[in-house]
Amino acid sequence: MAAAAVPVRVCNQEIVRFDLEIKAAVQDIRDCPGPLSALTELNAAVKEKFRHLRGRIQELEQMAKEQDKESEKQALLREVENHKKQMLSNQAAWRKANLACKIAIDNSEKDQLLQGRDSFRQRKSTKESLAESASNITESLMSISRMMSQQVQQSEETVQTLANSSRTILEANEEFKSMSGTIQLGRKLITKYNRRELTDKLLIFLALALFLATVLYILKKRLFPFL
């Protein structure tokens, strides 16, 4: 009897171990974020654990039927019944966890699909915005190019005007130089004429003085011969 108790105890321990492992695996399925391939792997592991658990329960049930004492037999059969109920509870929890996980994965895939559409729309909107910005930049660059062309043309006209003004100034300067030479020559001529006029006045004065002296001398000789 003592020898039979050892396999019973070992079988019970294995049943409890598989039960705990199944509960942990069911929780992993409930928390599984996906994808479906990961859920499939978890379910395969749970099926394998249920297979071992079912085998150990059958072994325990067989051991119970082989007991000599009716009390021990009934006690083991009650344990077997409890293990079967616990296994059925685990199977129900397993199905619920699978259903919840599949719903979560479906919702996640839908969200990803919607996000993909939103992302596509956003990329499309971004591309349109970039195209519009590029078009605006191109128009701005063309406008700047036109303004620069106008500025260059105005600068060329200004340079041409300055060149014409410079040429006019140079011509006026040459004319001023020519006029300055003429003025200097005129000044010299006027100075020369002034000198000649002074000389002429002096000669006239001397001639007049000589004439008066001659007249006085003649008058003196005729009116006062004795002097």
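About the criteria used
Residues numbered from 1 in each chain as written. Predicted model: local features only at pLDDT ≥ 70, side-chain atom pairs only at ≥ 80, totals over all residues. Heavy atoms only, no water. Helix = DSSP H or I, 4+ residues; strand = E, 2+ residues; numbered from the N terminus. Contact = heavy atoms within 4.5 Å. Areas by Shrake-Rupley, 256 points an atom, 1.4 Å probe, with all protein chains shown as cover. Expected span 1.5 Å × (residues − 1). Buried < 20%, exposed > 50% of the residue type's maximum accessible area, 1.4 Å probe, protein only. Polar contact = N/O pair within 3.5 Å; in protein donor to acceptor, adjacent residues only side chain to side chain. Salt bridge = Lys/Arg side-chain N within 4 Å of Asp/Glu carboxyl O. Phe/Tyr/Trp six-rings, centres within 6.5 Å; stacked < 30°, edge-to-face > 60°. Lys NZ or Arg CZ within 6 Å of the ring centre and 35° of its normal. Patch = residues over 30% accessible without salt bridge, like charges linked within 9 Å, V, L, I, M, F, W, Y side chains within 5 Å. Core = buried A, V, L, I, M, F, W, Y, C linked by side-chain atoms within 4.5 Å. pLDDT = per-residue confidence, 0-100. UniProt positions renumbered as here; feature names shortened; annotations may be inferred.

> How should I be thinking about the overall build of the chain in this particular structure?
The secondary structure content of the chain amounts to 3 helices and 0 strands. The order of helices and strands in the chain, counted from the N terminus, is α-α-α. Sequence separation of at least 24 residues holds for 73% of the intrachain contacts in the chain that already meet a minimum separation of 6. Approximately 17,800 Å² of the chain is accessible, and the part contributed by carbon and sulfur atoms is 60%.

> Quick question: what am I supposed to make of helix α2 (residues 36–65) here?
Residues separated by three or four positions in an α-helix point in the same direction, a consequence of the helix having 3.6 residues per turn. With 30 residues, α2 extends 43 Å between its outermost C-alpha atoms, agreeing within 8% with the 44 Å of an ideal straight helix rising 1.5 Å per residue. The complete set of buried residues in α2 reads Leu39, Asn43, Val46, Phe50, Leu53, Ile57, Leu60, Met63 and Ala64.

> Whenever I open this one, the side chain of Asn12 confuses me. Can you help?
With respect to the helices, strands and loops of the structure, Asn12 is situated in helix α1 (residues 2–31). Exposure remark for Asn12: the relative accessible area of 16% places this residue in the buried category. Here Glu79 takes part through its side chain, which lies 3.0 Å from a polar atom of the side chain of Asn12. Sequence-distant contacts of Asn12, that is, excluding residues within four places in its chain, are made with Leu60, Glu79 and His83.

> In this structure, what is going on with the pattern of salt bridges? I would like to understand it.
Opposite charge on two side chains lets them pair, provided their charged atoms get close. Here the structure, examined in full by the defined rule, presents 7 salt bridges. For Lys23, the salt bridge is made with Asp19, and the minimal N-O distance between the two is 2.8 Å. Of the two residues, Lys23 and Asp19 both sit in helix α1, 4 residues apart, roughly one turn of that helix. Taking the shortest distance from any N to any O, the salt bridge between Glu21 and Lys49 comes out at 3.2 Å. Taken together, the residues span a long stretch of sequence, with Glu21 in helix α1 and Lys49 in helix α2 at a distance of 28 residues. What makes Glu21 partly exposed here is its relative accessible area of 26%. When its relative accessible area of 23% is taken as the criterion, Lys49 is described as partly exposed.

> Mind showing me how you'd approach the packing of aromatic side chains here?
Given two aromatic rings, one states the distance between the centres and the angle between the planes to describe the pair. With the rule as written, the count across this model stands at 1 aromatic pair. Positioned above the aromatic ring of Phe18, the side-chain terminus of Arg17 is 4.4 Å from the ring centre.

> Is there a simple way to think about a nonpolar patch on the surface in this case?
A cluster of nonpolar residues, Leu208, Phe211, Leu212, Val215, Leu216, Leu219, Leu223 and Phe224, forms a patch on the protein surface that exposes about 770 Å² of accessible area. Here Leu212 is to be found in helix α3 (residues 70–223). Judged by relative accessible area, which is 45%, Leu212 ranks as partly exposed.

> Any chance you could explain the nonpolar core here in plain terms?
Nonpolar side chains tend toward joint burial in soluble globular proteins. Counting residues in each nonpolar core, the largest one holds 24 residues, and the members touching the most others are Ile29, Phe50, Leu53 and Leu60. At the level of elements, α1, α2 and α3 are the ones that each hand at least two residues to this core. When near neighbours in sequence (up to four residues on either side) are disregarded, Leu53 contacts Ile15, Phe18, Asp19, Ile22 and Met87.

> I tried to follow the confidence of the model for the chain on my own but got confused; where do I start?
Detail in the predicted coordinates should be disregarded across regions flagged by low pLDDT. A residue-level look at the chain finds 83% of positions with pLDDT of 70 or above and a mean pLDDT of 81. When mean pLDDT is compared element by element in the chain, α2 scores highest at 91, while α3 scores lowest at 79.

> Sorry if this is basic, but what is going on with the UniProt feature "transmembrane region" (unreviewed entry) in the chain here?
Mapped onto the present numbering, the UniProt feature "transmembrane region" (unreviewed entry) falls on residues 202–219. Annotation note: span residues 202–219, helix share 100%, strand share 0%, distance between end C-alpha atoms 25 Å.

> How should the side chain of Asn43 be read in this particular structure?
Inspection of the secondary structure puts Asn43 in helix α2. Residue Asn43 is classed as buried on the basis of its relative accessible area, which comes to 13%. Residue contacts for Asn43: discarding those within four places in its chain leaves Ile29, Trp94 and Asn98.

> Looking at this model, I keep getting lost on the environment of Arg54. Mind explaining?
Relative to the assigned elements, Arg54 resides in helix α2. A relative accessible area of 34% places Arg54 in the partly exposed class. The sequence separation of Arg54 and Lys84 amounts to 30 residues, and the corresponding C-alpha distance is 8.3 Å. In this structure, Arg54 is in contact with Met87 and Gln91, ignoring residues within four places of it in sequence.

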